[in-house]
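Residue-level structural notes
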Amino acid sequence: MTLTRRTFLQQTGAGLALAGTAAARAWSATETMLGSARITSLSDGHLTLPPEFIFGPMPQAELAPVLDAHQIGEGPLTPDCNVTLLQDGERVVLFDTGSGPGFQDTAGKLTEALDQIGVAPEDITHVVFTHGHPDHLWGVLDDFEDPLFPAAEHMMGRIEWDYWLNPATVDDIGDARATMAVGAKRRLEALENAITLFDDGQEILPGIAAHATHGHTRGHMSFEIRSGTRSLMVVGDAIGNHHVAFARPDWPSGSDQDQPTAAATRTRLLDQLAADRMHLIGYHLPQGGLGHVERDGQGYRFLPLGS
C-alpha cells in the first residue's frame, strides 16, 4: 500500500497566521489506493480532553514512563479526529460523520475537508458508523437538523443502534455521558427512515466486512476493506490513541464504556493487525491515522504510513 498524497490545509481558510503568533491547527487529507479504491483520511479537527478522561483508571506509577516515552506532557490531550472516505466507481462511502457544530469548537470541520477535495455532501452514497459517540455521529445533521448527506444510505450495527435508541440508556450510562445518550438518540431518530442495520461478520457492501470490536461502546464496529489479498481496517475508537493503547493495550481506558471488554478487544485487534500485516486507519491516531502495527517488546507500536 502506497501513500499517494498528504496535504496540510488550514481549517479556516483565512491564510497562515502572522509570524510570531500561534498558528491555527491545520487539518490533513491523507490518501492511499487499495485496488481501484481511493481511501482518504479527512480531518474533522481535534478534541480537547482532560488527561484523566483516558488515563484515570490506569496504574499511575507504570503510566508515567509510557507517557514520557511518547512525550505526552501535562495539560489537555488534543487527539486528532480522522474520518475515512472511500471512493470506488459510483460508491462514495463515509465512515462516521465527525462532530458537527454542536460538540467542541475545535472539531466539526468535515464539510470543509470534503469541500477541499471536491466532494459535496450530496455525493456521499453510504454513511457507515463505527459507533454513536458525539465525535463520530453528531455531524450527521446540518444546522437545520436535517440529514447532511441526503442521498446516502446510513448504516449501523444492530447492537449499537438498539443501545442508543433504548430509552433506558440515558439513565444507565452515568451522569458524565448522559448528554451523549440524549444527543445520539435524537440524531438516530432523525435517520430512522434511512438506516440499514447489520451484524458482525456481514459484508455490508462489496469488499467491506463488519467486525465486532465491542467495549468502547456496547456495539462498536470496525470495518475491513479488502481488495484481493490486500486489506485495510477502519478501527474507529477500538484503538483510541497512539501511545498507551499500543504499549499497554490490556490497561483500562477511561474513554471506554465497558473497560474490560474494550481492553480484550484492543489486545486481540492489535495482535491480528500485527500478525496479518494489515494497514489501519484509527480515528484518533496521528498523521491521518493511516499506518500499520508492529510488535514492540510486550506491546505494540503505531507506524504512520510513509514514516
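Description of the structure in this document. What you are looking at is a predicted structure, and each value in this text was computed from that prediction instead of being measured.

Calculation notes
- Residues numbered from 1 in each chain as written.
- Predicted model: local features only at pLDDT ≥ 70, side-chain atom pairs only at ≥ 80, totals over all residues.
- Heavy atoms only, no water.
- Helix = DSSP H or I, 4+ residues; strand = E, 2+ residues; numbered from the N terminus.
- Rg over C-alpha atoms; globule rule 2.2 N^0.38 Å.
- Buried < 20%, exposed > 50% of the residue type's maximum accessible area, 1.4 Å probe, protein only.
- Contact = heavy atoms within 4.5 Å.
- Areas by Shrake-Rupley, 256 points an atom, 1.4 Å probe, with all protein chains shown as cover.
- Salt bridge = Lys/Arg side-chain N within 4 Å of Asp/Glu carboxyl O.

Turning our attention to the overall build of the chain. Along its length, the chain carries nine helices and 15 strands. Relative to the 2.2 N^0.38 estimate, which gives 19 Å for 307 residues, the radius of gyration of the chain is 18 Å and therefore close to what a compact globule would have. The C-alpha extent of the chain, read off along each of the three principal axes, is 50 × 50 × 45 Å. Out of the 307 residues in the chain, the part that is buried amounts to 51%. Of the contacts formed within the chain by residues at least 6 apart in sequence, a portion of 69% connects residues at least 24 apart. Just so you have it, the chain exposes about 13,400 Å², and 50% of that area is on carbon and sulfur atoms.

You will see that Asp96, though not glycine, has its phi angle at about 75 degrees, which is positive. By secondary structure assignment, the location of Asp96 is in the loop between strand E5 (91-95) and helix H3 (110-116). In this structure, Gln287 is a non-glycine residue whose phi angle is positive, near 55 degrees. By the secondary structure assignment, Gln287 is in the loop between strand E13 (279-282) and strand E14 (290-296). Owing to a relative accessible area of 39%, Gln287 belongs among the partly exposed residues under this scheme.

To continue, consider the pattern of salt bridges. In this structure the tally under the stated criterion is 11 salt bridges. A salt bridge links Glu31 to Arg38; the nearest nitrogen and oxygen atoms lie 2.9 Å apart. A residue is classified by how much of its surface remains accessible, and Arg38, at 32% relative accessible area, is partly exposed. Two residues, Arg301 and Glu294, come together in a salt bridge whose shortest N-O distance is 2.3 Å. On the accessibility criterion, Arg301 (39% relative accessible area) is partly exposed. Several salt bridges share partner residues, and in doing so they unite Glu62, Arg248 and Asp250 into one network.

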